[in-house]
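# Coordinates in review
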Amino acid sequence: ETHHVVLCIARSPSGELWAGTQDGLFRWDQQSQSWERVSLPVTSQSVFAIAFEPEDEAAYVGATGGLWCRRDRSHWVRCGANKIDHTVTALAVLPDGHIYAGTRYTGLYRSCDAGMTWHRVLGVPDDSSVNALLTDTHARMVYAATDRGLFRGYDFTCPPSERPPWRGATEESGGTTWLRRMLF
């Protein structure tokens, strides 16, 4: 029996159980009552974060070599190629399709177009490591736990140039200010 160091665990909206390990990505197979390896395009990746869109249309995996996406249960592809090629340690997907990706040593990123393009979140230090993300969808607030403290900021709507065409065109652009909160 092989044992893996488990780094994260998540349940998809359809109820599937997923695990990220130091040896890759796994999914629980209910029928065989065992864990199945899920192949990513690049082998030997530690998986630190797993997130799903609420409608179960897309899945996101944060790994040693960056961020990977899977749409409509098809193949895994590089999400935002050449944008986030650092270790992705935390993920948050909001109901409106906004995605946040926390990285090791390179701060926090946000996508308004389902992961096609990424922009650094200003106010969170560029050289910080993001350990965890938490969202409060009612208040449209995002919290980032980092090696520099706890940060919070509002998730404002995205400018039209950053929205995918299938998400509608009624949102207004807005800015946000991220505040650092001391815990100790």
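Let me sum up the structure you'll find in this document. (Residues numbered from 1 in each chain as written. Predicted model: local features only at pLDDT ≥ 70, side-chain atom pairs only at ≥ 80, totals over all residues. Heavy atoms only, no water.)

### Observations concerning the pairing of strand β1 (residues 6-11)
The test is simple: Two strands are counted as paired when DSSP detects at least two bridges linking them. Only DSSP runs of H or I reaching four residues or more are called helices, and only runs of E reaching two or more are called strands; each is numbered from the N terminus.
As paired elements, β1 and strand β2 (residues 17-21) share 5 bridges and run antiparallel to each other. Directly across from C8, in β2, lies its bridge partner G20. Between the antiparallel neighbours β1 and β2 lie 5 residues, among them G15 with a positive phi of about 100°.

### Quick notes on the state of the cysteines
Rule in force here: By disulfide we mean two sulfur atoms from cysteines, separated by a distance within 2.5 Å. Three labels apply to residues, based on accessible area from a 1.4 Å probe with only protein chains included: buried if under 20% of the type maximum, exposed if over 50%, partly exposed otherwise in between.
Evaluated as defined, the whole model comprises 1 disulfide. A sulfur-sulfur distance of 2.0 Å marks the disulfide that ties C69 to C79. Because the torsion about its S-S bond is -90°, the bridge between C69 and C79 counts as left-handed. One end of the pair, C69, is in strand β7 (residues 66-71); the other, C79, is in the loop between β8 (76-78) and β9 (88-93), and 10 residues separate them in sequence. The same class applies to C69 and to C79, which are both buried.

### Some thoughts on the sheet that holds strand β12 (residues 119-120)
Pairing within the open sheet is antiparallel, and its 4 strands lie in the order β9-β10-β11-β12. Strand pairing shows two members of the sheet lacking a second neighbour, β9 and β12, which therefore form its edges.

### Quick word on the sheet that holds strand β6 (residues 58-63)
By way of backbone hydrogen bonds, the strands of a sheet pair with one another, either parallel or antiparallel. Put simply, the rule is: Interaxial angles span 0 to 180 degrees and are taken between N-to-C directions of axes, which are lines fitted to C-alpha atoms, for helices over the stretch in contact.
Judged by pairing direction, the sheet is antiparallel, and its 4 strands sit side by side in the order β5-β6-β7-β8 without closing on themselves. The open sheet has two edge strands, β5 (47-52) and β8, and neither has a second partner. Across the sheet, the axes of successive neighbouring strands diverge by a mean angle of 25°, strand direction being ignored.

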